[in-house]
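# Examination of the molecular architecture
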Amino acid sequence: MEPHIIIAQIIGLVAMAFSFITYQMKSNRGVMVMLSLATTLFCIHYSILGATTGLVLNIVGIVRNICYYFKDKKVLSSKVVPIILAAIMAVLSVFTWEGYHSAFFVVGITINTLAMGYLSSQGLRKSILLTSTLILIYDALIPGNPSVSGMLNETIAITSSIIGIIRFRKTAPNDNQ
């Protein structure tokens, strides 16, 4: 394995660590900060791997995280913000298309952006089962240099979501979880 690929995978592992910490954050703002750090490192990771779709759409993901961090501000509290972000991702995907495997990342991150904007915590956990699976497939199909740390990260996200779905499932008819 070439040295730059090893460096990319190490950066991806550090990103994965920040991503894991994201699941442990108590506040929504804390989640957005840690998620932004993880996403920034994944941008560097994808850049080194030459995975343009992952890089560019994760940059939009950082913008998304900032918008959701400040969602209590009037201009960013609009229900249109997730749609605008998803539209930007769709347009940019045309310019970053690397082949059929790009579709997995585009669909995954776009659904994730909409889910983060509109769904409850439990709904978001359920959506991650689909979105992380799609991004895991993209990570595995990056030509020449699959993202091992990306695949591990998505596997952890899926596992954590399953645990959260079970842990926070409705236990009574009036439960609002």
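Our subject is the structure that appears above.
Residues numbered from 1 in each chain as written. Predicted model: local features only at pLDDT ≥ 70, side-chain atom pairs only at ≥ 80, totals over all residues. Heavy atoms only, no water.

## Some words on the pattern of salt bridges
Condition: In the sections that follow, a salt bridge refers to a side-chain nitrogen of Lys or Arg positioned within 4 Å of a carboxyl oxygen of Asp or Glu. Numbering goes from the N terminus for both helices and strands, where a helix is a DSSP run of H or I of at least four residues and a strand is a run of E of at least two. When a residue's accessible area, from a 1.4 Å probe over protein chains only, is under 20% of the maximum for its type it is buried; when over 50% it is exposed; and in between it is partly exposed.
Enumeration according to the criterion identifies one salt bridge in this entry. Across the pair Asp 72 and Arg 29 runs a salt bridge whose closest N-O atoms are separated by 3.4 Å. Taken together, the positions of Asp 72 in the loop between helix 3 (52-69) and helix 4 (81-96) and Arg 29 in helix 2 (residues 28-49) put the pair 43 residues apart, joining distant regions of the chain. When its relative accessible area of 55% is taken as the criterion, Asp 72 is described as exposed. We classify Arg 29 as partly exposed; its relative accessible area is 34%.

## Observations concerning the nonpolar core
To keep things clear, this is the line we draw: Buried Ala, Val, Leu, Ile, Met, Phe, Trp, Tyr and Cys residues that are joined via side-chain atoms within 4.5 Å together make up what is termed a nonpolar core. Any two residues having at least one pair of non-hydrogen atoms within 4.5 Å are treated as being in contact.
Core analysis: the largest hydrophobic core is formed by 26 residues, its most contacted members being Met 32, Tyr 46, Leu 57, Tyr 68, Phe 105, Tyr 138 and Ile 142. Every element with two or more residues in this core is listed here: helix 1 (3-22), helix 2, helix 3, helix 4, helix 5 (101-118) and helix 6 (121-141). Discounting residues that sit within four places of it in the chain, Ile 142 has contacts with Tyr 46, Leu 49, Ala 51, His 101 and Ser 147.

## Focus: the packing of helix 3 against helix 5
Where we set the bar: Think of each axis as a best-fit line through the C-alpha atoms, taken over the contacting stretch in the case of a helix, with angles from 0 to 180 degrees between the N-to-C directions. Throughout, the term roughly parallel applies to angles under 35 degrees, roughly antiparallel to angles over 145, roughly perpendicular to angles from 65 to 115, and oblique to all others. Lys, Arg, Asp and Glu make up the charged group, whereas Ala, Val, Leu, Ile, Met, Phe, Trp, Tyr, Cys and Pro make up the nonpolar group; the residues left over, Gly among them, are polar.
The contact between helix 3 and helix 5 brings their axes to 10 Å, and the two run at 5 degrees. What the angle tells us is that helix 3 and helix 5 run roughly parallel. Residue-level inspection shows Thr 53, Gly 54, Leu 57, Asn 58, Arg 64, Asn 65 and Tyr 68 of helix 3 in contact with helix 5, the latter providing Ser 102, Phe 105, Val 106, Ile 109, Asn 112, Thr 113, Met 116 and Gly 117. Of the residues in the contact of helix 3 with helix 5, the class split is six nonpolar, eight polar and one charged.

By themselves, these figures tell us nothing about what the structure is for.
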